[in-house]
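Structural overview
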Amino acid sequence: MNLPPLVLQAFRQPDLLISLSLADWDLLLRQARSANLLARLHVVLDERGLLEKVPQQPREHLEWSHATAERHTQAVRWEVSLIRKALAKAGVPIILLKGAAYVMAKLPSARGRLFTDIDIMVPKDRLNEVEAALMLHGWAATHHDAYDQRYYRTWMHELPPMRHVRRSTVIDVHHAILPETASIHPDPEKLLAAACALEEYEGLKVLAPTDMVLHSAAHLFHDGELENGLRDLVDIDSLLRYFSTLPMFWPELAERAVELELTRPLFYALRYATKILHTPIPRDTMDAARIGRPNPFTMALMDRLFTRALMPAHPSCSDAFSGGARWLLYVRANWLRMPPFLLARHLFHKAFISTRAD
Amino acid sequence: MNVSALTFSELGLRLKQAGIFLQTGSFITHLQTSIPGVAEGVSLLYADYPLLEQSDFADFHVSLASPRNLRRWFKPQVLFLFDGKPPFKPLPLDQAFPMLEWGLNWCVSSHANRYLIIHAAVVEKGGYAAILPAPPGSGKSTLCAALVNRGWRLLSDELALVRVSDGQIIPLPRPVSLKNESIDIIQQYEPDVIISRKVSDTMKGTVAHMKVPTDSITRATETARAAWVIFPKYQAGAGARLEALPQARAFMRIADNAFNYSLLGVKGFEAMAGLIDASLCYDFTYSVLDEAIETFAALKPPAI
């Protein structure tokens, strides 16, 4: 594979898309769809006024996905308003995370981004109150198995996902951004303290710009959810480009990573955003982020794994090692999630006990 | 060139190797499979559909394959793959062709959001379309199959595509799906009709598909305007009876049968309102097909 996949060229230099042949468009749409980035591609073209220049057949597909994305944004706003109502009485500050935060804070990253669950973060000592209030308003726990309950409540950084009985929407209530059992502990207090209120929505907050990037990095490069790997990297790219106009954003980013124990995820995020999406990042920030660089051996290995696993899961973007790379990173993510003994126990339970119960 | 220009073995070989680019209505499907049952169905029911020699673009890249697991030795299965990914669980191998049909419906109904998509049959005469929305068991497909064998043009058996921009109905003529008793009823009603091999024990019972009259296929780019919304109901022993339906009621019932009504938001509402405004709405009870045909022949288009 000499040329990078079309979908990468598309996000690096959208202007070049107008010269694509119809066969290229066919392939690009397939890559973008499998990476859950089709609606995002519509946005990128629309922002540059290039949609008109896309041949009619592929443009049709972009319009289709755009309709889905528009509806999605509306649905997220509505859902968040209901969550806010449900929690109003408890008077708990609600921090929106990831997709829901981008939508409510009207960040460019929200445009054309599709996701299923709404993630919020609340102080740990208010968890019970929040859970009770949500249950009172129709959200019910999804994992009833005693082991799963313990897994979430004792070891994880979130309650078991709750699903609304009538709307079937899912909310994840977090009290931290990484599991309790992980080796690094970004302090939730610090995140809460720096969070920014949303002017139009009383009681709703989002993470501070640096923290938003760091959370996204932690989610992708520590927690290891790579199903939407490229989509998440596109988020990071978009956040970085957007926040780069804030005066103190770049100097604070690496410092904040140190405070939150997230230097390694930040290093990877910046490295792969520049490598894969050509995100413009100031030299000084790149240098400061080197504090999170792993040893050369690990670095070489991670380069090989991430440059594969962050591609769309489409045959045209894969080679013989892509599947293996994803699997190894999945193993790595679990390794980082819990200490070895706990992990062994967890895997044993999942393999031999939970499956039997099904 | 049409699919019929290939011999059966040529078709089978192409399906197996690079796949074929099949035009159905305004969509191009790239279909690849080495399952003989699918080749048989395609050769029988898609003979008159345009086959694109070499296409740079396909709306849907679809393949059917047997999952490579142990099961294939004693209980072989088939997977429908949308660009390599299965949106559904596998089915018994015998159901491969019906699965292709269901899968192609899914391709359109879950992507083509430029249209308000209603679960309904659509037939046309003189430029006026009758939309037959379908709660299951209503006898919609039987009625639709009978109508297209008596001079009505088939726009679609399953998916009414209402173009959001101008309310026109876009044809998507694909084989008509018949279930259980209706297979024999239609075979007797029109002995010349071509029907695929019956497949039993599917989630819808025994199913077979009827070939669409050639005229409907060649006119697949001719749109039509909505004139009637008719909710058919088969009722044993009943005489054919058309009963006017208040528009508001028709609106709510048709919205229940739409795939992407809420997804389209305001546009969906406007398209639906336009459709109902332009149409005369009826409940229709029948038991004898000939009587139903007579009733449809006597339909008057709405005054403008």
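Note that the coordinates shown come from a computational prediction; the quantities given were computed from them, not determined experimentally. (Residues numbered from 1 in each chain as written. Chains lettered and ligands numbered in written order. Predicted model: local features only at pLDDT ≥ 70, side-chain atom pairs only at ≥ 80, totals over all residues. Heavy atoms only, no water.)

1. Brief notes about the interface of chain B and chain A
Keep this limit in mind: Residue contacts follow a heavy-atom distance rule, with two residues in contact if any of their heavy atoms lie within 4.5 Å. Two parts lose some accessible area (1.4 Å probe) when they are put together, and adding that loss for both gives the buried area. Salt bridges are counted wherever a side-chain nitrogen of Lys or Arg sits within 4 Å of a carboxyl oxygen of Asp or Glu. Polar contact is the term for a pair of N or O atoms within 3.5 Å; when the atoms are in protein, one must be able to donate a hydrogen and the other to accept it, and sequence-neighboring residues count only if both atoms are side-chain atoms.
Counting residues at the interface gives 20 residues for chain B and 20 residues for chain A. Summed over both sides, the interface of chain B with chain A buries roughly 1,700 Å², with 54% coming from carbon and sulfur. Applying the counting rule to chain B against chain A returns 2 salt bridges. Measuring nitrogen to oxygen at the nearest pair gives 2.9 Å for the salt bridge that ties Arg 114 of chain B to Glu 60 of chain A. Linking chain B with chain A are 10 residue pairs in polar contact (both at pLDDT 80 or more).

2. Overview of helix α12 (residues 263-277) of chain A
Residue and element names in this part refer to chain A. Going by this rule: In this text, helices come from DSSP runs of H or I with a minimum length of four residues, and strands from runs of E with a minimum of two, each type numbered from the N-terminal end. Expected span of a helix, by definition, is 1.5 Å for each gap between consecutive residues, and there is one gap fewer than residues. Partly exposed residues are those whose accessible area sits between 20% and 50% of the maximum for their type, while under 20% is buried and over 50% is exposed, using a 1.4 Å probe and protein chains only.
The end-to-end C-alpha separation of α12 is 20 Å, in line with the 21 Å expected for 15 residues at 1.5 Å each. For α12, the buried fraction is high: 11 of the 15 residues fall into the buried class. Taken together, the buried positions of α12 are occupied by Pro 265, Leu 266, Phe 267, Tyr 268, Ala 269, Leu 270, Arg 271, Tyr 272, Ala 273, Ile 276 and Leu 277. At the exit of α12 stands His 278, carrying a positive phi of roughly 55 degrees.

3. Observations regarding the pattern of salt bridges
Applying the stated criterion to the full structure yields 32 salt bridges over all chains. For Arg 111 of chain A, the salt bridge goes to Asp 46 of chain A, with nearest N and O atoms at 3.9 Å. Pair noted here: Arg 111 of chain A is in the loop between α5 (98-104) and β2 (117-121) and Asp 46 of chain A is in helix α3 (residues 38-47), with a separation of 65 residues, a long-range link. Looking at Arg 111 of chain A, the relative accessible area reads 35%, which means it is partly exposed. Residue Asp 46 of chain A is classed as partly exposed on the basis of its relative accessible area of 35%. For Arg 256 of chain A, the salt bridge is made with Asp 211 of chain A, and the minimal N-O distance between the two is 2.7 Å. Taken together, the residues Arg 256 of chain A in helix α11 (residues 249-259) and Asp 211 of chain A in helix α9 (residues 209-221) connect sequence positions 45 residues apart. Residue Arg 256 of chain A shares its accessibility class with Asp 211 of chain A, and that shared class is buried. Where salt bridges share partners, they join Glu 124, Arg 153, Asp 215, Arg 219 and Glu 222 of chain B into one cluster.

4. Notes on the domain arrangement of chain B
It is common to give the size of an interface as the accessible area that goes away when the parts come together. Residues and elements named next belong to chain B. Stated precisely, the cut-off is as follows: Residue ranges for the domains trace back to a domain assignment, done automatically or taken from a database. Gly is placed with the polar residues, together with every amino acid not listed as nonpolar (Ala, Val, Leu, Ile, Met, Phe, Trp, Tyr, Cys and Pro) or charged (Asp, Glu, Lys and Arg).
Here chain B is partitioned into domain 1 (3-109) and domain 2 (115-297). Relative to domain 2, the C-alpha centre of domain 1 lies at a distance of 25 Å. Taken residue by residue, the interface counts 20 residues in domain 1 and 30 residues in domain 2. Between domain 1 and domain 2, a total of about 2,200 Å² is buried, with carbon and sulfur atoms accounting for 64% of that surface. When the area that domain 1 buries against domain 2 is broken down by residue, the three leading residues are Leu 45, Asp 48 and Trp 102, summing to 26%. Of the charged contacts, one joins Lys 211 and Asp 48 as a salt bridge, the two residues approaching to 3.1 Å between their closest N and O atoms. For the side of domain 1 that touches domain 2, the elements supplying multiple residues, two or more each, are α2 (36-45) and α3 (96-109). The dominant element in the side of domain 1 that touches domain 2, judged by the number of residues it contributes, is α3, at 8 residues. Per-class residue counts for the side of domain 1 that touches domain 2 are 11 nonpolar, 6 polar and 3 charged.

5. A look at the sheet that holds strand β12 (residues 176-179) of chain B
Residues and elements named next belong to chain B. Put simply, the rule is: The rule for pairing is simple: two strands pair if DSSP sees at least two bridges between them. For helices, the axis comes from a line fit to the C-alpha atoms of the stretch in contact; other axes are also lines fit to C-alpha atoms, and the angle between any two N-to-C directions lies between 0 and 180 degrees.
Spatial strand order, β12-β14-β13: 3 strands in an open sheet with antiparallel pairing. The open sheet has two edge strands, β12 and β13 (199-202), and neither has a second partner. Going from strand to strand, the sheet's axes swing by 40 degrees on average, the running direction of each strand aside. Relative to strand β14 (residues 205-210), β12 runs antiparallel, the two being bridged by 4 bridges.

6. Brief notes about the packing of helix α1 (residues 8-16) of chain B against α2 of chain B
Residues and elements named next belong to chain B. What counts here: By the definition adopted for this analysis, an angle is roughly parallel if under 35 degrees, roughly antiparallel if over 145, roughly perpendicular if from 65 to 115, and oblique otherwise. Left-handed is the label given to a crossing in which the near helix is rotated counterclockwise from the far helix by less than a right angle, and right-handed is the label when the rotation is clockwise.
In contact at an axis separation of 10 Å, α1 and α2 are set at 125 degrees when each is read in the N-to-C sense. Classed by the angle they form, the pair α1 and α2 counts as oblique. Relative to α2, α1 is oriented so that their crossing is right-handed. For the pair α1 and α2, contact is made by Phe 8, Leu 11, Gly 12 and Leu 15 and by Ala 39, Glu 40, Val 42 and Ser 43, respectively.

7. Description of unusual backbone geometry
All names here are of chain A. The backbone phi angle of Ser 168 is positive, close to 65 degrees, even though this residue is not glycine. Of note, Ser 168 is situated in the loop between β4 (162-164) and β5 (170-174). Backbone geometry at His 278 places phi at a positive 55 degrees, although glycine is not the residue there. Within the fold, His 278 resides in the loop between α12 and α13 (283-289). Given the relative accessible area of 46%, His 278 is considered partly exposed.

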